[in-house]
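Residue-level listing of the chains:
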Amino acid sequence: MIRQATLAFVLTTWFLPAFGQHTFSTRDYFYVGGKYTGHSGNEVMAGQMYVEVLHPQHVVQKYPLVFFHGAGQTATNWMGTPDGRTGWADYFLEQGYVVYLVDQPARGRSPWHPSVNGPLQMRPPSWVEQRFTAPEIAHIWPQAKKHTQWPGNGDKKGRQGDPVFDAFYATQVEGLESAVETQTLVQADGAALLDKIGPAILVTHSQSGAFGWLLAVARPKTVKAIVAMEPNGPPFRDAVFDQDKNRAWGLTDIPITYAPQVKNAAELAIVQQSKPDAPDLVRCWSQADPPRRLVNLQSIPVLVVTAEASYHAPYDQCTSRFLAQAGVANTHLRLGEQGIHGNGHMLMIEKNNLEIAALLQKWITGNVK
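The sections below set out a description of the structure shown in this document. This structure is a prediction, so every number in the text was calculated from the model and none was measured.

Below, the discussion takes up the packing of helix α7 (residues 179-197) against helix α8 (residues 209-218). α8 packs onto α7 with a crossing angle of 55° between their chain directions and a minimal axis gap of 9 Å. One way to sum up the angle between α7 and α8 is to call them oblique. At the point where α7 passes α8, the crossing takes the right-handed sense. Of α8, the residues touching α7 (which contributes T182, Q183, V186, Q187, G190, A191 and L194) are A210, F211, L214, L215 and A218. Classifying every residue of the contact of α7 with α8 by side-chain character gives eight nonpolar, four polar and no charged.

Turning our eyes to something else, we now look at the side chain of S208. Tracing the backbone shows S208 in the loop between β10 (200-205) and α8. In terms of polar contacts, S208 uses its side chain to reach the backbone amide nitrogen of H205, at 2.7 Å. If we skip the residues at most four places from it in the chain, S208 touches F68, H69, G70 and Q104.

A word on α8. Most of α8 is tucked away, with nine of its ten residues classed as buried. For α8, every residue scored as buried is listed here: G209, A210, F211, G212, W213, L214, L215, A216 and V217. Summarising the contacts, the buried residues of α8 are in contact with β6 (65-68), α7, β10, β11 (223-229), β14 (302-306) and α9 (316-325).

Turning our eyes to something else, we now look at the pattern of salt bridges. In this structure the tally under the stated criterion is seven salt bridges. Here E52 and R27 are joined by a salt bridge, their closest N and O atoms 3.0 Å apart. Here E52, found in strand β5 (residues 49-56), pairs with R27, found in strand β2 (residues 23-32); they are 25 residues apart in sequence, far enough to count as distant. Two residues, E52 and R109, come together in a salt bridge whose shortest N-O distance is 3.1 Å. Of this pair, E52 sits in strand β5 while R109 is found in the loop between β7 (99-103) and α3 (114-117), placing the two residues 57 residues apart along the sequence.

About the thresholds
Sequence order sets the numbering: in each chain, residues are counted from 1 along the sequence as written. In keeping with the predicted nature of the model, local features appear solely for residues at pLDDT of at least 70, side-chain atom pairs appear and are counted solely at 80 or more, and the whole-chain, interface and lining totals rest on all residues. Side-chain metrics in this entry use all non-hydrogen atoms of the structure; hydrogen atoms and water are not considered. Axis geometry follows a simple rule: fit a line to the C-alpha atoms, using only the stretch in contact for helices, then measure angles between N-to-C directions, giving values from 0 to 180 degrees. Only DSSP runs of H or I reaching four residues or more are called helices, and only runs of E reaching two or more are called strands; each is numbered from the N terminus. An angle counts as roughly parallel when it lies under 35 degrees, as roughly antiparallel when it exceeds 145, as roughly perpendicular when it falls between 65 and 115, and as oblique in every other case. With the far helix as reference, a near helix turned anticlockwise by less than a right angle produces a left-handed crossing, and one turned clockwise produces a right-handed crossing. Any two residues whose heavy atoms approach within 4.5 Å at even a single point are treated as in contact. Amino acids outside the nonpolar list (Ala, Val, Leu, Ile, Met, Phe, Trp, Tyr, Cys, Pro) and the charged list (Asp, Glu, Lys, Arg) are all regarded as polar, and Gly is one of them. Definition of a polar contact: a pair of N or O atoms within 3.5 Å, with one able to donate and the other able to accept a hydrogen when the atoms are protein atoms, and with sequence-neighbouring residues admitted only if both atoms are side-chain atoms. The cut-offs for exposure are 20% and 50% of the maximum accessible area for each residue type, with area from a 1.4 Å probe on protein chains only; residues under the lower value are buried, those over the upper are exposed, and the others partly exposed. Think of a salt bridge as a Lys or Arg side-chain nitrogen and an Asp or Glu carboxyl oxygen that are within 4 Å of each other.

Following this line, the structure appears as structure tokens:
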């Protein structure tokens, strides 16, 4: 009887993510946001966001962490790695944080309704290889040749047909085509989440970078810090792959609060650097002087993290520069300059992911009060 009771206790208190990690914790879930829509008798609930919450055995950190995944991803990004190593959720649980993991609205476990949310998009394996897992082969941007940290072995490492790549690609899902729809939903749902759980630290990655800025605007007293892992950018125009206009509000595709007030994104006058800060960097776009201020972000600690070999390496400094010009003090850490080499865009699941997690923990400890 004692052995059976012990086994039952273990089975109900050990958290086993998709790739077989095992950190001692409890697990729960809930949904935030959403509303009924449609004709009477045929309504559906749309726009709600799935939230998974993990509690360590002993909570020792003042604020929880809320993790937002990027495009094509779900919360599995944080739960383990495609080759079976410990993920960031487990790492930060071990540091004594309560951890919240979300699936973006209309993504993963958050329901999608085509008549309400609009069309989806999905990236093919070749796109993922080029940008995430094997950028050193196509070598589209100068820093790509430095990529060494994707897990796996053999001639097909990082490409379709390699077991690790295939395990990663199996986690990829469709997401909304519309950045405006996505950001609108996440700002509403994220605000509802913060209203429910209270003050928190936001960890964003890639596409979800916009969410951190938008939630700081919506709940400036509740967002205690933003850790932006290669946030979507650069401001106003794309780089590396094309020069298309994007993020009309600088950091976002939907309105964000400036002072003096901006009623239309066209009111933001912008200029481009005459030359880049270094040879392998792009020329940044920024506000023309005098710049408007992002007043709701000014008291929030912000960290921008850039991997050495990622396609963000040529332009994340533009995001950091834009924030500083708008009155938002921030720390921009390039991993290569911190002695952490060879990472691409999916740094939370690459071979040295826990070394990077430790760097984030060090910054949080030193900057969040």
